[in-house]
Amino acid sequence: MKVRSLKQDKYNVITLGCSKNLVDSEVLMGQLQANEFDVVHDSEKDDANIIIVNTCGFIDNAKQESIDTILRYADAKDAGAIDKLYVTGCLSQRYKDSLETEIPQVDAYFGTLELPQLLKTLEANYKHELIGERLITTPKHYAYFKIAEGCNRPCSFCAIPLMRGKHMDRPMEDLVREATRLANMGTKELILIAQDLTYYGLQHYGERKLAELLQRLSDVNGIEWIRMQYAYPSQFPMDALDVMVERDNICKYLDMPLQHISDNMLKTMRRGISKRRTLELVDTIRQRVPDIALRTTLIAGHPGETQKDFEEMYQWVEESRFDRLGIFTYSHEENTHAFSLEDNVPDEVKQERADTIMELQQGISMELNEAKVGNTYKVLFDRKESGYYVGRTQYDSPEVDNEVLVPADSAYVRLGDFANVKITDSSDFDLYGEVVSGVHESKHIVAADAVSE
């Protein structure tokens, strides 16, 4: 049996990529901590002797960042600065054989579903009773909440099924238990994530259960906001909107990646939905939840995208006036359906199209924000930075959406608490405001409970 050295090993878990990867790292760290390991996350200090890199393999830029990070720590190992280097996550799942050959300094590579094997290699016990528990790395008042793993969708451009496998639901009872535990730890906002939230229930229960899950999570005492991200448009469960309207603690917010609007591109992308049905869906969602904030993401330069397709997308974005929007340039990914197509849009054209869409969206966002001046919103404060308290309304997700800035010298607000904020000014992607006392009659307000004098 191996005997540990007198100096305890210290583990630094480096997370790259999306919030789903972050949850995986938090679960790993929870297991390590339960085994009494000394573990930190994304530490910039050089005092950890064992590094675990949780990689992303989604698109070219993300893959390159993962490779560069692995190489940096491989060099550190060669120099004697660290003792062990392990790699897990999507890049490792997808390119394990090549990575083992190209970067042999790594002690072991693990795939996305190989947590027990990773723990065994680290001489840690996989504690089944900890399923659903994790070491939260976000501010404690919000947590990403993964309700399913994998994806069954056949989108032409996406390599996620290659790295994450088929869709697998987490049982509802486990999710409610985890939400309750998080609430008891001080979490106020759950950000529901999966490759496809709308598919929830089909694998485990044989029918879509997102609406029921929302109801049960909404009943958890202490959870004040529930936010939905990554909702697939095809066969969207409309009963989830009914719950959104009925329950005050479900944010009027929906992240629905639509990717494109021209029928030519939607068919080529294998999205399972037409332009007409997409327009009807967006219109129906806005009719049923009039004050909803819709976020979407698009792709520029997919194989076969013509100038006419792009102009159609541009006009649609201009007319639809999405509250939040992001756009990626197409990345030609091995073993996807689109990889069999000619990558026939030059990189500079892809980037030009993406920049043009974002310039349009910047103007839309500016106009929408200007319309908020004078209104009062319930704001959850995340941090203090550059002389401002920085928070979000229910219409904004952390890191990717608009923020509300309140001068720190104008009021005192406890981080992680809510306050009512009257908007006094705006920019293209930020709102500025002042904390107001009392509760006013406004559809934008839910009673503030967190302003400290």
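- Per an unreviewed UniProt entry, the chain carries the name Ribosomal protein uS12 methylthiotransferase RimO and comes from Nibribacter koreensis.
- On record in UniProt, under Catalytic activity (unreviewed entry), the comment for the chain is "L-aspartate(89)-[ribosomal protein uS12]-hydrogen + (sulfur carrier)-SH + AH2 + 2 S-adenosyl-L-methionine = 3-methylsulfanyl-L-aspartate(89)-[ribosomal protein uS12]-hydrogen + (sulfur carrier)-H + 5'-deoxyadenosine + L-methionine + A + S-adenosyl-L-homocysteine + 2 H(+)".

1. Section: a negative patch on the surface
Argument step 1. A contiguous patch of negative charge, built from E348, E352, D355 and E359, is present on the exposed surface.
Argument step 2. Among the structural elements, E348 can be located in helix α13 (residues 347-370).

2. Let's talk about the UniProt feature "domain: MTTase N-terminal" (unreviewed entry) in the chain
Argument step 1. UniProt tags residues 9-127 as "domain: MTTase N-terminal" (unreviewed entry).
Argument step 2. A distance of 20 Å separates the end C-alpha atoms of residues 9-127, which is 46% helix and 20% strand.

3. Looking at the pairing of strand β2 (residues 38-41)
Argument step 1. Relative to β2, strand β1 (residues 10-15) runs parallel, the two being bridged by four bridges. The residue bridging Y11 from the neighbouring strand is V39, located in β2.

4. Remarks on the packing of aromatic side chains
Argument step 1. Within this structure, the stated rule accounts for 10 aromatic pairs.
Argument step 2. Ring centres of Y11 and F37 lie 5.0 Å apart, and the angle between their planes is 35°; on these two criteria the pair is classed as tilted. Residue Y11 is located in strand β1, and its partner F37 is located in the loop between α1 (19-34) and β2; the two are separated by 26 residues in the primary sequence.
Argument step 3. A relative accessible area of 3% means that Y11 is categorised as buried.

5. Concerning the sheet that holds strand β10 (residues 225-228)
Argument step 1. Read across the open sheet, the six strands follow the order β6-β9-β10-β11-β12-β13; overall the sheet is parallel. What marks the edges here is a single partner per strand, and that holds for β6 (142-146) and β13 (324-329). Taken over all neighbouring pairs, the strand axes of this sheet differ in orientation by 20° on average, direction set aside.
Argument step 2. Seen against the sheet, α1 touches β6 and β9 (189-193) and runs at an angle of roughly 95° to β6.
Argument step 3. On top of the sheet, helix α9 (residues 239-246) reaches β10 and β11 (250-255); it is set at about 145° to β11, its chief contact.

6. Describing the sheet that holds strand β4 (residues 84-89)
Argument step 1. In spatial order, the strands read β2-β1-β3-β4-β5; together these five strands make up an open sheet with parallel pairing. Because the sheet does not close on itself, it has two edges, and the strands there are β2 and β5 (108-109).
Argument step 2. This element, α1, spans β1, β2 and β3 (50-55) of the sheet and lies at about 165° to β2.
Argument step 3. Set on the sheet, helix α3 (residues 90-102) makes contact with β3, β4 and β5; between it and β4 the angle comes to about 125°.

7. Some details on the nonpolar core
Argument step 1. Formed by 55 residues in total, the largest nonpolar core has its most connected members in F145, I147, L192, L214, L254, M313 and V317.
Argument step 2. If you tally residues by element for this core, the top one is helix α6 (residues 172-184), at six residues.
Argument step 3. The contact partners of L254, leaving out residues within four places of it in the chain, are M228, A231, F236, I285, I292, A293, L294 and R295.
Argument step 4. One finds Y253, A293, Y389 and V435 within the second-largest nonpolar core, a separate group that totals 20 residues.

Rules used throughout
Residues numbered from 1 in each chain as written. Predicted model: local features only at pLDDT ≥ 70, side-chain atom pairs only at ≥ 80, totals over all residues. Heavy atoms only, no water. UniProt positions renumbered as here; feature names shortened; annotations may be inferred. Patch = residues over 30% accessible without salt bridge, like charges linked within 9 Å, V, L, I, M, F, W, Y side chains within 5 Å. Areas by Shrake-Rupley, 256 points an atom, 1.4 Å probe, with all protein chains shown as cover. Salt bridge = Lys/Arg side-chain N within 4 Å of Asp/Glu carboxyl O. Lys, Arg positive; Asp, Glu negative; His and termini not counted. Charge placed at Lys NZ, Arg CZ, Asp CG, Glu CD. Helix = DSSP H or I, 4+ residues; strand = E, 2+ residues; numbered from the N terminus. Pairing = 2+ DSSP bridges. Phe/Tyr/Trp six-rings, centres within 6.5 Å; stacked < 30°, edge-to-face > 60°. Buried < 20%, exposed > 50% of the residue type's maximum accessible area, 1.4 Å probe, protein only. Axes fitted to C-alpha atoms, helices over the stretch in contact; angles between N-to-C directions. Contact = heavy atoms within 4.5 Å. Core = buried A, V, L, I, M, F, W, Y, C linked by side-chain atoms within 4.5 Å.

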